[in-house]
Amino acid sequence: MYKVSLLLTTYNSIENLPKTLASICEQTYEKIEVVIVDGKSTDGTVDLIEQFAVNAGNADIEVKWISEPDKGLYDAMNKAYSMCTGDIIAVCNDRLCEKNAVAVFVEAIEKAGEGCIGAHSDLVYVDGDKVVRSWHMGDGNIAQGWMPGHPALFLKREVYEKYGQYDISLRCAADYDFMVRFLKDNENKLAYIPTVLVSMFYGGTSNAGLHNYLVSFKEGYMALVKNGIKHPLMVTLKRTWKVLRQF
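Because the structure is predicted, anything quoted here is derived from the model rather than measured.

Let us now look at the overall build of the protein. Helix and strand counts for the protein come out as 8 helices and 9 strands. Radius of gyration (C-alpha) of the protein: 17 Å, near the 18 Å computed for a compact globule of 247 residues. Its C-alpha atoms give the protein principal-axis dimensions of roughly 50 × 40 × 35 Å. Residue burial in the protein is summarised as follows: out of 247 residues, 50% are buried. In the protein, the proportion of contacts linking residues at least 24 apart, taken out of those at least 6 apart, comes to 77%. Carbon and sulfur atoms make up 52% of the accessible area of the protein, which totals about 11600 Å². Side chains of the protein give 26 positive and 31 negative charges; the mean places of these two sets differ by 8 Å.

As structure tokens, this is what we get:
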């Protein structure tokens, strides 16, 4: 059985973190490791993590966590990766919609066979109880503006080992840059699960206002250039259109 590491990055996350942790505790999959990197929260998040570590241990979920200053979201994600020991890794800062979500991701990877490096699913963005965006991923090509949703992406450890971690010089698009790296040549196969398995809390780094969106647009373009994708501006515009269609 694959060991699955769920990586959480937190900073003053007392509002949404309980929902994430509750959805993890409900999972039917039996071999889960939770790695939490907190940026020195001051709102009670650390107390919540401490309590979760105790309760999860009683439920046979492995928990590792630290709370210390970091250089931003992607630095925290790199720290979490360095602490994890799973065969399959997912950044899990949102809510798993189904109790068998982890099991479904693992099963999809297993069924896809040799050459499959991970799996991704559809997801929804929520603001409170309101769904503001439904993202139906499908299969596609990075060069055509397609990309999988990073919050609903489970990857084999070998991907990180071969392609490296997140570029902390990028503020909003290091996850996109990371995905471009291992998908640009169409050599790696992702299993697609055509159902919603992740509910994302609206307001991530690329969604928090017009300024951040423009930074994300620029950094996404830079990621394409850096990785040798032809016609990077056209690809970026196509990607933006695909995103806007999801609202």
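Moving on from the model shown.
The subject of this paragraph is the pairing of strand β7 (residues 130-135). Across 5 bridges, strand β6 (residues 116-127) lies against β7 in antiparallel orientation. Paired with Val-124 across the two strands is Ser-134, which belongs to β7. Here β6 folds back onto β7, and the loop between the two strands holds 2 residues, one of which, Gly-128, carries a positive phi near 70°.

For helix α1 (residues 17-25), the complete set of buried residues consists of Leu-17, Thr-20, Leu-21, Ser-23 and Ile-24. Projected down its long axis, α1 carries its buried residues within an arc of 160°, all on one side.

What follows is about the environment of Leu-155. Following the sequence through the fold, Leu-155 ends up in strand β8 (residues 153-156). By relative accessible area, which is 1% here, Leu-155 ends up buried. Considered as a pair, Leu-155 and Arg-239 are 84 residues apart in the sequence and their alpha carbons are 22 Å apart. What Leu-155 contacts, discounting residues up to four positions off in sequence, is Asp-87, Ile-88, Ile-89, Ile-117, Gly-118, Tyr-160, Phe-178, Phe-182 and Leu-190.

What counts, and where the lines are drawn
- Residues numbered from 1 in each chain as written.
- Predicted model: local features only at pLDDT ≥ 70, side-chain atom pairs only at ≥ 80, totals over all residues.
- Heavy atoms only, no water.
- Helix = DSSP H or I, 4+ residues; strand = E, 2+ residues; numbered from the N terminus.
- Rg over C-alpha atoms; globule rule 2.2 N^0.38 Å.
- Buried < 20%, exposed > 50% of the residue type's maximum accessible area, 1.4 Å probe, protein only.
- Contact = heavy atoms within 4.5 Å.
- Areas by Shrake-Rupley, 256 points an atom, 1.4 Å probe, with all protein chains shown as cover.
- Lys, Arg positive; Asp, Glu negative; His and termini not counted.
- Charge placed at Lys NZ, Arg CZ, Asp CG, Glu CD.
- Pairing = 2+ DSSP bridges.
- Arc of directions from axis to C-beta.

As far as function goes, none of this settles anything; it's purely spatial.
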